[in-house]
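Geometric and topological summary
In case you want the letters, here they are:
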Amino acid sequence: MGMKVRPHAIAAICLSIGLCAQAAGTDLSSLTANELYDHARLAFTQRDHAAALEAYRKLAADFGQSPAVQEAIQKSKHPVAICCVRLGKFDEAIPAIEEALALQPPLDQGSREELQFWLGCALFQQERHPEARSALEVFLAGFPAGAEDNAFLVRTRPAVRHIADARLLVGNALILEGRHAPAAEWFGQMRGGSGHRGKAVLYQLHALLQIPDHAAALALVQEEYPRMAEIPQIASFQMLTLELGNRFLEAGELRKAALCFQRVWTRDRLLRHQDERAATLQKQIEALGDSPDVFRKGLLERTLGEIQRESENLRPIKGFDAALRFRLAMVYLHMQRYREASLVLENLVASLPSDVTTELAGINVVRCRRALEDSPGTVRAADQFAEKFPASKFVPEARFLAAESLQASLRPAEAATAFARIREDHPASEFGVRAAFNEGFCQLLAEQNSRAGTAFEEFRKNHPQHPLAESALYWRGMAFSMDKDHERAIETMRQLLKKHPDGTHMGQAVFRIAYSKMQQEKYGEAADAFHEYLERFPGEAENNEARIHFANALMNDGYMEDGLEVLRAVPPGDERYYAEATFRSAEALKLLEDLDAYRNLMQDFVKRFPKSPRVAEAIANLGWYHRQKEEPAKAREIAWEAIRSLGNDPAIRSVEELFPFLARLSSAPEDLARHREDLESLAENPASKRPLRLRARWALAATWKKSDPARFREILREAVPLADVSADNPAVLLDLAQADLDGGDSVRAERLLRDTLRWNPRTLVKDRILAHLARIEMDKGNERAALDLFERFERENLGSALFAPTMMAKARLLLHRGKVADARRALEQVLEQNTTPGEMKAEALYLMGESHLDKGEPAKAIPYFQRLYVMHGRWKPWVAKAYLRSGEAFEKMPDPLSARRTYAECVNHPDLADFPETLAARQHLDRLGGPPQKPASAPGG
Amino acid sequence: MKSFLSILLLSTAPLGATEILTLKNGEQRTGDIVSVDDRTVRLRVILTSSGAAQATATVSLNRADLANIRFAPDAALEDRLQRASPNDAPALEQDWEKARLWLEMPESPAGSIALALGNAWLRTGKKADARRALDLVSLVEKSSWRPGDRTRAREVRLRAMVASGRAADAVDEATKLAEETEDPEILIEANLIRAQASERQLRTFLQENPRWMEDEFVIDERHRLHARTLDLYLYPALFHGTDLARAARGLWGAIEVHRLAGDWPNAVETARDLAQFYPSTPEAALANDFLASLPPDMRALDAEAAARQELASSSPQPTPTPESPTEKPKKKKKP
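Residues numbered from 1 in each chain as written. Chains lettered and ligands numbered in written order. Predicted model: local features only at pLDDT ≥ 70, side-chain atom pairs only at ≥ 80, totals over all residues.

A few words on the overall build of chain B. A tally of regular secondary structure across chain B gives 13 helices and six strands. Taking all 335 residues of chain B together, the buried fraction comes to 38%. Residue pairs in contact within chain B that sit at least 24 positions apart in sequence constitute 51% of those at least 6 positions apart. (Helix = DSSP H or I, 4+ residues; strand = E, 2+ residues; numbered from the N terminus. Buried ≥ 20, exposed ≤ 12 C-beta atoms within 10 Å, placed from the backbone. Contact = placed C-beta atoms within 7 Å.)

Across its full length, chain A holds 49 helices and zero strands. Taken over C-alpha atoms, the radius of gyration comes to 49 Å for chain A, far larger than the 30 Å a tight globule of 941 residues would show. Burial analysis of chain A (941 residues in total) assigns 46% to the buried set. (Rg over C-alpha atoms; globule rule 2.2 N^0.38 Å.)

All names here are of chain A. With respect to the helices, strands and loops of the structure, A785 is situated in helix 42 (residues 783-796). A count of 15 C-beta atoms within 10 Å places A785 in the partly exposed class. It is 66 Å that separates the C-alpha atoms of A785 and L209, two residues lying 576 residues apart in sequence.

Moving on: the interface of chain A and chain B. Opposite the 45 residues of chain A that make contact, chain B presents 44 residues. When the residues that make up the side of chain A that touches chain B are grouped by side-chain class, the tally is 20 nonpolar, 10 polar and 15 charged. (Nonpolar A, V, L, I, M, F, W, Y, C, P; charged D, E, K, R; others polar.)

For the rest of this paragraph, the subject is the domain arrangement of chain B. Residue and element names in this part refer to chain B. Under the domain assignment used here, chain B contains domain 1 (8-70), domain 2 (73-165) and domain 3 (182-302). Every contact between the two is made by nine residues of domain 1 and, on the other side, eight residues of domain 2. At five residues, the largest contribution of residues to the side of domain 1 that touches domain 2 is made by strand 6 (residues 66-70). (Domains from an automatic or database assignment.)

On to the packing of helix 43 (residues 803-816) of chain A against helix 44 (residues 820-832) of chain A. Residue and element names in this part refer to chain A. As a packed pair, helix 43 and helix 44 sit with axes 8 Å apart at the nearest point and diverge in direction by 160°. With respect to each other, helix 43 and helix 44 are oriented roughly antiparallel. Like other packed secondary-structure pairs, helix 43 and helix 44 cross with a definite hand, here left-handed. Across the interface between the two elements, A804, M807, M808, K810, A811, L814 and L815 of helix 43 pack against V820, D822, A823, A826, L827, Q829 and V830 of helix 44. Class assignment of the residues belonging to the contact of helix 43 with helix 44 gives a composition of 11 nonpolar, one polar and two charged. (Axes fitted to C-alpha atoms, helices over the stretch in contact; angles between N-to-C directions. Parallel < 35°, antiparallel > 145°, perpendicular 65-115°, else oblique. Left-handed = near helix turned anticlockwise from the far one by under 90°.)

A few words now on the pairing of strand 3 (residues 28-36) of chain B. Residues and elements named next belong to chain B. Relative to strand 3, strand 2 (residues 19-23) is paired through four bridges, and the arrangement is antiparallel. Bridging across to strand 3, L21 finds its partner in R29. Between strand 2 and strand 3, which pair antiparallel one after the other, the connecting turn spans four residues, and G26 there sits at a positive phi close to 95°. (Pairing = 2+ DSSP bridges.)

Helical geometry note: an α-helix holds 3.6 residues per turn, so side chains three or four residues apart project in the same direction. When the terminal C-alpha atoms of helix 11 (residues 197-210) of chain A are compared, their 20 Å separation across 14 residues agrees well with the 20 Å that a helix rising 1.5 Å per residue should span. Buried-residue contacts for helix 11 of chain A involve helix 9 (163-176), helix 10 (180-190), helix 12 (214-224) and helix 13 (234-250) of chain A. (Expected span 1.5 Å × (residues − 1).)

Our focus in this paragraph is unusual backbone geometry. Residues and elements named next belong to chain A. Geometrically, the link from I211 to P212 is a cis peptide bond, its omega value of 0° lying close to zero. Its place among the elements puts P212 in the loop between helix 11 and helix 12. In this chain, M893 is followed by P894 through a cis amide linkage whose omega measures 0°. Secondary-structure assignment places P894 in the loop between helix 47 (876-892) and helix 48 (896-908).

Within the largest apolar cluster, 361 residues are counted, with the highest numbers of intra-cluster contacts made by A514 and I619 of chain A together with L274 of chain B. No other element matches the 10 residues that helix 17 (residues 320-334) of chain A contributes to this core. (Core = buried A, V, L, I, M, F, W, Y, C linked by C-beta atoms within 7 Å.)

Moving on to helix 10 (residues 264-277) of chain B. Here helix 10 of chain B contains 14 residues, and its C-alpha end-to-end distance of 20 Å stays within 8% of the 20 Å for a straight helix at 1.5 Å per residue. Where burial is concerned, most of helix 10 of chain B is hidden: 10 out of the 14 residues are buried. Those residues of helix 10 of chain B lying buried are N266, A267, V268, E269, T270, A271, D273, L274, A275 and F277 of chain B. Residues of helix 10 of chain B that are buried sit in contact with helix 14 (254-261) of chain A together with helix 8 (219-239), helix 9 (244-260), helix 11 (282-293), helix 12 (296-299) and helix 13 (303-313) of chain B.

Residue and element names in this part refer to chain B. Chain-level pLDDT for chain B is 83 on average; 86% of the residues reach the 70-or-more range. Overall, residues 1-16 carries pLDDT values under 50, and its contacts beyond four positions in sequence, including any with other chains, amount to 22 contacts. Low confidence marks residues 320-335, where pLDDT is under 50. Its contacts with residues over four positions away, or in another chain, come to 17 contacts. Of the two predicted TM-score estimates for the complex, the pTM is 0.77 and the ipTM is 0.77. (pLDDT = per-residue confidence, 0-100.)

Turning our attention to the confidence of the model for chain A. When the pLDDT values of chain A are averaged, the result is 91; 96% of them are 70 or greater. Low pLDDT, under 50, characterises residues 1-24 of chain A; the predicted model gives this stretch 46 contacts beyond four residues in sequence or across chains.

This part is about the packing of helix 48 of chain A against helix 49 (residues 916-927) of chain A. Residue and element names in this part refer to chain A. Where helix 48 meets helix 49, the axes come as close as 9 Å, and the angle between the chain directions of the two elements is 140°. Taken as axis vectors, helix 48 and helix 49 run oblique relative to one another. Of the two elements, helix 48 crosses helix 49, and the hand of that crossing is left-handed. Of helix 49, the residues touching helix 48 (which contributes R900, Y903, A904, C906 and V907) are T918, A921, R922, H924 and L925. Classifying every residue of the contact of helix 48 with helix 49 by side-chain character gives six nonpolar, two polar and two charged.

Another point: the environment of L300 of chain A. Residue and element names in this part refer to chain A. In this fold, L300 is placed in helix 16 (residues 294-314). Judged by local crowding, L300 falls into the partly exposed class, with 18 C-beta atoms found within 10 Å. Here L300 is in contact with L281, Q284 and I285, once residues within four sequence places are set aside.

Written as structure tokens, this is what we have:
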């Protein structure tokens, strides 16, 4: 957007300083010279400039040759010039002013100054800019610096009040002459003064943009925007700032562009600001009323007019905010700062009506959130986009990105469902096609192998030429493999090799064929296939895995040496497979009875990978070796050496496994005593740092666990101050906490448990920790907190061995709190678990039955009681209870016959005689009239 | 509610600081206010002025007849209102004592004075002063004649609530305001308060879950807190970049969150934003110190330079395009 200086503004300056007079209706032709002169003067005094001018001109025309009138003619030059100015007749004003200024004797200083100013204005109006500038510079030169702030000068030389306007016009003339650099300098100087400061800022910025001097323009923006509210035409200032920002954006000066864009207000805010200013000015004008200070009033009115005109120009510009926000977003997008970009674009979408711009902004919000890996943000943005722009061509992409983010958040089942919907809704879109592929892939991730295979097959059928068709065939084969359908896996991979001989999955397909053969226990074919794979596809990611399988295939077929040779090719750089290869080799060497090689292999592994999780296994193997050599002391020595050298590093978790190994080597009483002494001295040794001292104490405690549980607990409790929850093995920490719990210090135990969980969120002992914490909360009477912990246990420990007992505890608590429905859900979970002990299932069934009976639902209670005594007859106490309650339930239905049968079963049960419930059942049976009669036998039977 | 209709005796200094009282019938009276009560204003006016001698008289006006009051220009007062520094507080208290009775009277500066005093008290950093500020600006919010003062008072009240130890209330209030208001200053302050609260929650979360990245059950919560905190801190600079102080505060808050997350590239870029956009703020100095403390390889990160290179070579593609997943599934079925 450019800034145009409007010449009519100058007219407004000029015209605001006077009133236009209406022409009088006098017939001038009948007047004498004196009468004409007097008439003209009167009209001039009354500010009827048209009438005055007419009269003066008539005087000059009719009586200009008369010597007697010359003085009057001379005196009329000044008012004639003023009248021309007031009437806006600038073409006539110029010669009139020049004539007046040339008068001898000259006019008074005030009149000359006034006329000099208006000469400049008139020349400006006539677009004679260089001359206008000269005239105004002459005018300005007649005043000392700071004249406009000098109260005495203001009073004695009224033309002082034109100084600011004159300066403004000089600067405008420079701009219109195309001399932008001097104009910028001129306005820069003007900014230091008090008149028209705001306009000076505006014009200086415009001039700097025209030069162009963007650095100076930016400096001006930075300097002035804190005082921006003082600039009357603030909207114009901000438009220029926006333009400056655009230029920086095009030049790649992104931060400078952002600096500009961030300083531009929204259209509504600008209009609100200007409306408030206009209202304030209006009040000020009204407050002046009929004040004689017409100059101030005129200035206020002029400013008000400018503000109102600017607002009227801005109001219809609907796309202002969108343009601004988009540009700011582009800055951040270019810098890949997706968070900032998405925030700006989200604001744009939320605050503006739907159109092409907001549509584009909306899809970019989705893209940005996806780039940030913000899954909830991506899904939310995609949903909002689809809702706001349902017919947009970008909808498939938005939904695709949302589904992809679910996949990236490890929620493959949800992602598969989302991709399926995209595939169904947008079959023709490329994103719909990709969604079809991703649907299958996510189903694989979710272990829905059969469905994945179908999805890939459908994809290939529908899109045989698509670039992903090869991948679809490969993953089809993988789906078979994961479903253990190895024959079809092989067949599919062969099909892939035939159809796509130069494809990207060649090596992987050959590997999978070999692998499938291995799974089919066709070791000879598998070995050949792995050999082919390694020959044809060296350097692929699966190479080392292939070597392991290859070696296994060879060894399974009896080719031990060949297998060992293959295993030796696995490089140490691939620690995972190197460890695998090492221990497989160790097994083979054991079979070959090459014990020295076995020893060397294990020693080498310990040396290379002291921090490996399998170090303890290696040391245990070395221990086995030395026991074979009848050197148990050596075995112990190796383990102790490892403990001393590795034990001070808590990150080497396998150290904990060495202590039980040592303990097994020290099972004889004298060995055990010495072992305890060794552990004591390890714990007390000054060379032992904290982790090793803790480990030593833990191991020492373990030696007392069975023989002296109190001592076991005491040693562990004494070791608690040594613990560092951020570093130590959670299994050790749990033992310490358990000791505290058993020893009655639940406060310290709770702290230790909570801290252990904080620092080890994926620990294998999470279930025990949560179960303990729940118990602690229950003991404290914090039932709500206990329930929260139970719920967390349930969420995070589905396969835990403690699941059933923990859910039982939860169910009991819920029943206690009257939350019967929730309690039943927990009991159902207990019953569903395969690992739930029988007695616990019996209890669960009993509680289920009780819960229904308590609710007055005897018919629902009975099946549970019956299930208990039919399927869990081993647990006699519960069986007795179940019989009794079942009978009571039948009575409540009422079904007295079934009740009597049930009571009779209980009473007659050989193993239930001693239970109080059986006695109660007998009493009920007697009350009901004894056991029911058996039906009579059929005749002839 | 404190009655502001108590009698107030003012100094009888020579007429110099002149007030202009406009009556409801349009007439104006100019003079020095001598005293005010719930019904009457006594004004000392000049009758004649000849040389050094002034003839004055004291007139009584009904308060109910007043339309508005304009105080005489007072450059020193204007300076104090602009600065509102802790050192100005005693003088502002006196200004407030003089002006408080006019809080509801149109054109009076009482609201502005009260807000400046409130800000000055807040800047002392003392809780007791913050509580006084809270009471004062609450009065302005309720009673000032000027809508702008009442709006400003809401924003100052938020800060006063935080400073006086009522951060939780401030957050609730801020959340409500953020939904209701369109006023930029209130929105910015409300969002900054919410950002600070969110940051506290994030820090508490990280203390309680130091290994959150290993815990699939809390990862989403961490991402949610992290994203929300950053979004709130970035708000002032992105949408109200002319509010220097708050925009700078927000950017510094964002830098701290990036550092907390170990996201050094974004911390560096945001620090550069702060230093270049708001160089005169104290936060810019902090940003410069942070940049200077970084090792050379981190200081060398420059997203703008990289973007400029890319712009120079081709049109950028800001849209992340979906890639076909050729990698194996993470979970592998055991044979």
